[in-house]
Amino acid sequence: MPNATTAHPASIHTETFLPYMRDVAKCEQSLQELNLMWRVIEASAKMNCPVEAKTILPTMAATRSGFSRLERELVSSLVEEKVRNVLAEIGTKAQYVIDIVVRNLFERTADVGFLATDRELCNFVAGITDSADAARYRLREYRNKYTVYDEILLLDTEGNVLVQIDPSTPLEHSADPLIRQTLESDTYVEIFRATDLRPGKDRALIYARRMHHPQTGAVIGVLCLCFHFEEEMAGIFCAHRDPEARANMLLLDGDNRVISSADALWIPPGTQVPVNTGGQPQLMMFCGREYLVRTFTSGGYQGYPGPAGWQGQVMIPVEVAFTGIVSDVLSRLSPELTEGLLSHAHSFCPPLYDIMTAAKTIQRIVWNGQVMTAGQRGEMQKLKTILDQISETGNRSNELFAQSIHDLYQAVLASSMRDAEFTTGLLVDLLDRNLYERSDDCRWWALTPELRAALAAPDIDQATAAKLNEILAYINGLYTVYTRLFVYDRHGRIVAATGDALESVIGSSIDADTLAQVMALRTQQQYHVSSFAPSALYGGRDTYIYHAAIRALGNDGEVVGGIGIVFDSAPELRNMLDAGLAGKDKMSALYVDRRGRILSSTDASRPTGSMLDIDPALLQVANGEGRSGVTVHDGQYAIVAVSASNGYREFKVSDGYKEDVIAVVFQCFGALNHGNQQNAGSDFHLESEAASADGLEYATFFSDGGLFAISAANVMEAVPYSAVLPTSMGNRAEQIGVLGLSRDDQHKEFIWVFDLGQLIRGTRSAVTGSSQVMIVRHGAHTIGLLVDELHAVPQFNPAQIIHTPFAMQGESMLVSQVIKANGGKLLIQSIEVERLFAYVVDGTIPLPPPMSDAAPAQQEKQQEQRQLMAA
């Protein structure tokens with residue numbers, strides 16, 4: 001399956017990982033035993049019947065050689081696939097750790113820059129006002145909105161603490177070099193280390209910005225925002241670490257030392273660990289234990305690179321990397337989906353395709369050997385003994401392959417479904433974290449004194465309106481995730497705004513329902529969000545608009561209007577989807593609501609506002625949970641995964657806001673196969689019948705979804721469809737190519753290949769990995785017949801073979817008999833060789849002889865056959 005990285009790992013040393021994969025080791029042992037059996041069978045054929053076995057000895061030698069190759073390559077491929085799946089899974093999580101941290105800290109850089117210009121705080125630090133309590137109250141109001149901070153401090157230019165909000169660690173002065181560094185910088189300063197500003201912590205993550213005198217512009221002090229780092233990392237690890245705790249998630253610094261650990265008892269902070277930034281499939285030793293490791297650095301976010309050297313890493317001990325995950329994915333899928341997706345194994349799991357190809361090769365060898373000796377007596381019986389051994393060994397091979405196919409198929413699907421599900425969890429987490437910031441912004445900006453004073457006044461003159469527009473423009477310039485900020489009075493009339501088409505916006509009114517919701521907000525902690533819907537304030541496009549009440553200055557806090565901030569949803573939501581899908585092939589993602597209405601999509605054919613065609617049960621996924629499955633999407637077999645939003649911190653958790661969003665991911669693997677899939681199964685197993693001296697042997701095969709038979713005496717052998725050479729020379733639709741047959745004189749005889757499915761039903765057969773070409777001879781003519789899959793070469797008693805009157809219904813009917821197998825529970829349609837060749841040679845089919853003089857017994861058999869066919 002496509003993995004989460006773009007790295008190109010080196011080759012994998014099978015011997016390194018094989019001891020930790022019991023299932024693959026068992027498969028290797030079985031392959032070795034089968035390889036030995038093929039050698040014994042080949043040697044027996046050479047010694048006991050060299051003449052009779054002459055025609056199949058080259059094939060047997062090729063089989064034995066193929067098994068020797070499989071013994072090396074197949075096991076190597078199985079190991080490689082398992083290692084890459086594990087690396088892909090832990091790589092997705094490692095990248096998530098660093099990406100989500102950097103996105104979060106980017107918001108902090110914006111916060112400190114904006115708060116450092118707050119007029120009330122600047123007035124206090126400059127000495128224009130002298131109420132430390134008022135300044136502390138304002139900082140606590142800020143902290144109540146932006147709960148990611150555990151301390152906020154204001155300091156003067158000498159490092160004296162003017163005010164702080166954390167009473168547990170009272171400070172008077174700081175000698176930290178951060179103060180001088182910030183005073184000399186014209187941008188924010190970021191540190192993560194021990195500091196006297198946070199005496200109770202080993203390390204603190206602080207964002208500092210110098211403050212200026214509101215009148216003279218002189219540097220007057222420093223603002224420090226202290227990020228609650230430990231709480232934030234604990235939340236990330238708790239939400240996204242694997243439930244079995246088989247791996248450890250880490251945040252590292254530039255020296256590869258652990259900054260934060262999901263399990264500090266396992267790998268404590270401060271520990272130096274091995275890293276694997278290149279995604280190499282190699283084991284790494286740490287504290288006497290070998291690990292698979294994936295490490296990612298940050299690519300930055302909107303120009304912010306993140307703290308220097310920080311890395312996300314996941315480590316999993318190799319002894320548990322390939323165990324402990326029990327899945328029953330295949331049992332939950334319909335046979336059509338199971339086989340349809342399996343038909344694309346060559347694209348999503350080459351090792352799986354190799355196993356399937358090997359199984360078909362063995363089946364064809366056994367089938368060819370049985371066809372070759374059909375009806376033979378005497379010395380050919382010696383060869384039959386050899387063929388019985390081939391058949392028995394082939395059955396054992398098929399059983400091994402079937403189990404290997406099942407196990408690997410299930411493992412690959414389960415791994416991809418887990419990865420897709422984790423991706424949807426990441427997407428809703430990105431969304432909740434982003435929108436959390438929007439709810440903070442609108443409430444904080446509603447506390448701007450100038451806005452409160454202006455809206456409390458009886459009238460707003462032009463000068464006041466211009467000042468309001470200037471304030472909003474300054475804020476909007478710092479926060480580009482909004483296309484428009486606007487302020488409205490208690491009647492809902494917009495009195496100031498930013499953005500386009502201001503002449504049509506200023507003076508207009510918000511809708512009555514929104515105004516009523518805002519006017520009813522009782523505290524400064526409450527806010528209102530519009531439904532995701534088209535808005536004239538966003539050019540008629542769908543978006544969220546966040547509202548907060550603006551209250552008059554004073555103790556009564558009367559609501560005098562409100563502020564609305566228009567989220568730039570189109571690019572911002574798309575950016576989140578793209579970030580979640582980074583490095584993932586053939587994957588599309590969407591945000592939808594509970595009804596399936598699309599909020600954003602990476603699929604251009606599914607625009608915002610349209611409805612997503614998806615299983616309604618998936619839209620009922622519980623908050624904070626995910627689901628995944630296999631479906632058909634846009635004519636392709638695909639994995640579908642969903643996760644429902646669960647909020648972040650207090651946002652959508654305890655603040656009263658409820659608006660579920662579901663992330664949906666589709667990962668496509670190949671076009672829907674409208675033809676037949678793997679036909680062989682328990683429904684077509686032939687039960688043993690008592691042998692008859694006059695029994696007839698038939699070659700059975702699948703075509704058009706049914707089981708067919710043709711006289712084995714007329715079949716020479718079968719070859720894979722890949723041997724067919726396409727040509728445009730044929731003048732009939734049924735002719736699909738030519739096939740070169742090698743003869744004893746080393747010359748090649750070219751024959752036409754016909755599509756049996758098209759001969760029977762008139763439409764072209766779908767070619768799959770199971771498609772075979774049967775070489776059939778009648779008289780002087782030889783042709784190839786494309787069939788869906790080979791089945792067996794059984795013997796049937798004459799009593800089981802009955803003529804069908806339906807053969808007279810149209811000259812395209814090639815079936816003149818049906819064979820009752822399994823006590824009449826299974827009907828096999830028998831192709832009449834004469835009618836087949838008459839049609840492909842001159843385009844006519846002779847009618848069967850009249851049945852009017854049929855004996856009573858034959859009439860009874862016809863009546864019985866009609867009843868069976870009707871059933």
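These figures come from a predicted structure and were not determined experimentally.

Reading the values: the criteria
- Residues numbered from 1 in each chain as written.
- Predicted model: local features only at pLDDT ≥ 70, side-chain atom pairs only at ≥ 80, totals over all residues.
- Heavy atoms only, no water.
- Helix = DSSP H or I, 4+ residues; strand = E, 2+ residues; numbered from the N terminus.
- Buried < 20%, exposed > 50% of the residue type's maximum accessible area, 1.4 Å probe, protein only.
- Contact = heavy atoms within 4.5 Å.
- Areas by Shrake-Rupley, 256 points an atom, 1.4 Å probe, with all protein chains shown as cover.
- Expected span 1.5 Å × (residues − 1).
- Arc of directions from axis to C-beta.
- Pairing = 2+ DSSP bridges.
- Axes fitted to C-alpha atoms, helices over the stretch in contact; angles between N-to-C directions.
- Phe/Tyr/Trp six-rings, centres within 6.5 Å; stacked < 30°, edge-to-face > 60°.
- Salt bridge = Lys/Arg side-chain N within 4 Å of Asp/Glu carboxyl O.
- 1 Å grid on protein atoms, 1.4 Å probe; cavity = no way out; pocket = protein on both sides within 12 Å on 5 of 7 lines; lining within 4 Å.
- Points joined across faces, edges and corners; volume = space filled by probe spheres on them.
- Nonpolar A, V, L, I, M, F, W, Y, C, P; charged D, E, K, R; others polar.
- pLDDT = per-residue confidence, 0-100.
- Left-handed = near helix turned anticlockwise from the far one by under 90°.
- Parallel < 35°, antiparallel > 145°, perpendicular 65-115°, else oblique.
- Core = buried A, V, L, I, M, F, W, Y, C linked by side-chain atoms within 4.5 Å.

A. Representation of the overall build of the protein in the model. Along the backbone of the protein there are 20 helices and 34 strands. Within the span of the protein, comprising 871 residues, buried residues form 54% of the whole. When contacts within the protein are restricted to residue pairs at least 6 apart in sequence, long-range pairs at least 24 apart make up 64% of them. Total accessible area computed for the protein in this model is approximately 37100 Å², and 51% of it derives from carbon and sulfur atoms.

B. Expanded view of helix α7 (residues 229-240). Taking 1.5 Å per residue, twelve residues should reach 16 Å; α7 reaches 17 Å between its end C-alpha atoms and fits that length. Of all the residues in α7, the buried ones are Phe229, Glu232, Met233, Ile236, Phe237 and His240. One face of α7 carries all of its buried residues, which in axial projection span an arc of 130°. When the buried face of α7 is taken as reference, the exposed residues oriented beyond 90 degrees from it are Cys238 and Ala239.

C. Fine view of the sheet that holds strand β18 (residues 587-592). If you walk across this open sheet you meet the five strands as β19-β18-β22-β21-β20, and the pairing is antiparallel. The open sheet has two free edges, formed respectively by β19 (598-601) and β20 (626-633), since each of these has just one partner strand. The sheet shows a mean angle of 25° between the axes of neighbouring strands, taken without regard to direction. Bridge analysis of strand β21 (residues 636-644) against strand β22 (residues 662-671) gives nine bridges, and the strand direction is antiparallel. The residue of β22 that forms the bridge with Ala644 is Ile662. In the packing of helix α17 (residues 569-580) onto the sheet, the strands contacted are β18 and β19, and the crossing angle to β19 comes to about 60°.

D. Highlighting the packing of aromatic side chains. Here the structure, examined in full by the defined rule, presents 27 aromatic pairs. Relative to Tyr479, the ring of Phe114 has its centre 5.7 Å away and its plane inclined at 85°; by these criteria the two rings are edge-to-face. With a gap of 365 residues between them, Phe114 in helix α3 (residues 57-115) and Tyr479 in the loop between α14 (462-478) and β11 (482-489) connect regions that are remote in the sequence. Centre to centre, the rings of Tyr142 and Tyr149 are 6.3 Å apart; their planes meet at 25°, and the pair counts as stacked.

E. Looking closely at the pattern of salt bridges. What the rule picks out here adds up to 40 salt bridges. Put simply, Glu231 and Arg649 hold a salt bridge, and the shortest N to O gap is 2.3 Å. Of this pair, Glu231 sits in helix α7 while Arg649 is found in the loop between β21 and β22, placing the two residues 418 residues apart along the sequence. With a closest N to O distance of 2.7 Å, Glu319 and Arg289 form a salt bridge. On the criterion of sequence distance, the pair formed by Glu319 in helix α8 (residues 318-321) and Arg289 in strand β9 (residues 289-297) is long-range, its members being 30 residues apart. Exposure remark for Glu319: the relative accessible area of 34% places this residue in the partly exposed category. On the basis of relative accessibility, which here comes to 32%, the residue Arg289 falls in the partly exposed class. Residues participating in the shared-partner salt-bridge network are Asp150, Glu151, Asp166, Arg198, Lys201 and Glu230.

F. Structural detail: the pairing of strand β16 (residues 545-551). With seven of seven residues buried, β16 lies mostly within the body of the structure. The pairing of strand β13 (residues 528-529) with β16 spans two bridges and is antiparallel. Bridge pairing links Val529 to Tyr546 in β16. The sheet contact formed by β16 and strand β17 (residues 559-567) spans seven bridges and is antiparallel. Residue pairing across strands places Ala549 opposite Gly562, the latter belonging to β17.

G. Representation of empty space enclosed by the protein within the structure. Overall, the coordinates contain five cavities of 30 Å³ or more when judged by the stated rule. Lining of the largest cavity is provided by Ile100, Arg103, Asn104, Glu107, Tyr301, Leu430, Arg433, Asn434, Glu437 and Tyr648. Contributions of two or more residues to the lining of the largest cavity are made by α3 and α12 (380-445). Considered class by class, the residues forming the lining of the largest cavity number four nonpolar, two polar and four charged.

H. Spatial organisation of the sheet that holds β17. Read across the sheet, five strands follow the order β12-β11-β17-β16-β13 without closing on themselves; strand pairing throughout is antiparallel. The outermost strands of the open sheet, each flanked by one partner alone, are β12 (494-497) and β13. Summarising the sheet, β11 and β17 pair through seven bridges and their orientation is antiparallel. Residue pairing across strands places Val487 opposite Ile563, the latter belonging to β17. Helix-sheet contacts for helix α13 (residues 449-456) involve β11, β12, β16 and β17, and the interaxial angle to β17 is about 130°.

I. Geometry of the confidence of the model for the protein. The share of residues in the protein with pLDDT of 70 or more is 90%, and the mean pLDDT across the chain is 87. Here residues 847-859 scores under 50 on pLDDT; set against residues more than four positions off or in separate chains, the count is eight contacts. Considering only residues more than four positions removed or in separate chains, one finds that residues 861-871, a stretch of pLDDT under 50, has 20 contacts.

J. Broad picture of the packing of helix α4 (residues 119-126) against helix α5 (residues 132-145). Where α4 contacts α5, the two axes come as close as 10 Å, and the packing angle between them is 145°. Between α4 and α5 lies a crossing of left-handed hand. Contact residues: α4 offers Glu120, Leu121 and Phe124, while α5 offers Ala132, Ala135, Arg138 and Leu139. For the contact of α4 with α5, the per-class residue count stands at five nonpolar, no polar and two charged.

K. Focus on the side chain of Ser830. Within the secondary structure, Ser830 sits in strand β34 (residues 826-831). The class of Ser830 is buried, set by a relative accessible area of 3%.

L. Broad picture of the packing of α13 against α14. Relative to each other, α13 and α14 sit at 150°, their axes nearing to 10 Å. In terms of orientation, α13 lies roughly antiparallel with respect to α14. Remark: the crossing between α13 and α14 carries left-handed chirality. Residues Glu450, Leu451 and Ala454 of α13 lie in contact with α14, whose contacting residues are Thr464, Leu468 and Ile471. Residues that form the contact of α13 with α14 fall into these classes: four nonpolar, one polar and one charged.

M. A look at the nonpolar core. Ranked by internal contacts, the top residues of the largest apolar core, which has 166 residues, are Phe17, Leu292, Leu352, Trp445, Ile563 and Tyr591. Broken down by element, this core gets its largest block of residues, 25 residues, from α12. Setting aside its immediate chain neighbours within four residues, Trp445 contacts Phe114, Leu451, Ile475, Tyr479, Tyr482, Leu485, Ile563 and Ile565.

N. View of the pairing of strand β1 (residues 149-156). Of all eight residues in β1, eight are buried; the element is thus mostly enclosed. Strand direction decides the pairing type here: β1 and strand β5 (residues 219-227), joined by seven bridges, are antiparallel. Across the sheet, residue Asp156 finds its bridge partner in β5, namely Gly221. Pairing geometry for β1 and strand β2 (residues 161-164), over three bridges, is antiparallel.

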